[in-house]
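# An overview of the molecular structure
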Amino acid sequence: MTSIVYSSAALEDSERLVDFLLEQSSEWAVATFDIIDHGISLLALHPNIGHPISGTELKELVISRGRSGYIALYEFDPLTDQVLILAIRHQRELE
C-alpha cells in the first residue's frame, strides 16, 4: 500500500483550516476534518486518482464538502510508492 506523507506546509494548511472551522462550529470542524482525512486516505489505495496539473508531476485531489470542497495538491512517486501532500486548500481560496 502506498504511504502518505504530509509536507510541513500541508500540515500548516490543515491546522489553519481546522482553526477557522472551530471558530464556526466544533462539530463542523471535526466532520470536515474527517472528510478531508478520508479523501486523502484514498490515495493510499489509488494514488493516481487526482487530476494531473499540466506541465508538472503534481496532481489535485478534489474532496467534496457540500456545495464546495477542498483541494489537496500532491505528488506521487511510484519508485518509493509514496504520496507527498504539498498543500490543502478550500476551493474558494483558489478563486
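Below, the structure is looked at part by part. (Residues numbered from 1 in each chain as written. Predicted model: local features only at pLDDT ≥ 70, side-chain atom pairs only at ≥ 80, totals over all residues. Heavy atoms only, no water.)

To continue, consider the overall build of the protein chain. When you go through the protein chain residue by residue, the secondary structure sums to 2 helices and 5 strands. The N-to-C order of helical and strand elements in the protein chain reads β-α-α-β-β-β-β. In terms of C-alpha radius of gyration, the protein chain reaches 13 Å, essentially the compact-globule figure of 12 Å for 95 residues. Along the first, second and third principal axes, the C-alpha atoms of the protein chain reach 40 × 30 × 25 Å. The buried share among the 95 residues of the protein chain stands at 34%. A separation of at least 24 residues holds for 50% of the contacts in the protein chain among residues at least 6 apart in sequence. Within the protein chain, one finds 6 positive and 15 negative side-chain charges whose respective centroids are separated by 9 Å. (Helix = DSSP H or I, 4+ residues; strand = E, 2+ residues; numbered from the N terminus. Rg over C-alpha atoms; globule rule 2.2 N^0.38 Å. Buried < 20%, exposed > 50% of the residue type's maximum accessible area, 1.4 Å probe, protein only. Contact = heavy atoms within 4.5 Å. Lys, Arg positive; Asp, Glu negative; His and termini not counted. Charge placed at Lys NZ, Arg CZ, Asp CG, Glu CD.)

Relative to the 24 Å expected for 17 residues at 1.5 Å per residue, helix α1 (residues 8-24) spans 25 Å between its end C-alpha atoms, a close match to the ideal helical length. Within α1, the full set of buried residues consists of A10, D13, S14, L17 and L21. Across the axial projection of α1, the buried residues extend over an arc of 100 degrees, all falling on one side. For α1, exposure combined with an orientation more than 90 degrees from the buried face picks out S8, E12, E15 and E23. Packing partners of the buried residues in α1 comprise β1 (3-6), α2 (26-41), β4 (68-77) and β5 (82-90). (Expected span 1.5 Å × (residues − 1). Arc of directions from axis to C-beta.)

All right, on to α2 then. Look at α2: 22 Å from first C-alpha to last across 16 residues, which is about the 22 Å you get at 1.5 Å a residue. When α2 is considered as a whole, its buried residues turn out to be A29, T32, I36, G39 and I40. Along the axis of α2, the buried positions cluster into a sector of 100 degrees, meaning they face one direction only. Within α2, the exposed residues directed more than 90 degrees away from the buried face are E27 and H38. Of the surrounding secondary structure, the elements contacted by the buried residues of α2 are β1, α1, β3 (58-65), β4 and β5.

Read these as layout, nothing more, since geometry by itself doesn't imply function.
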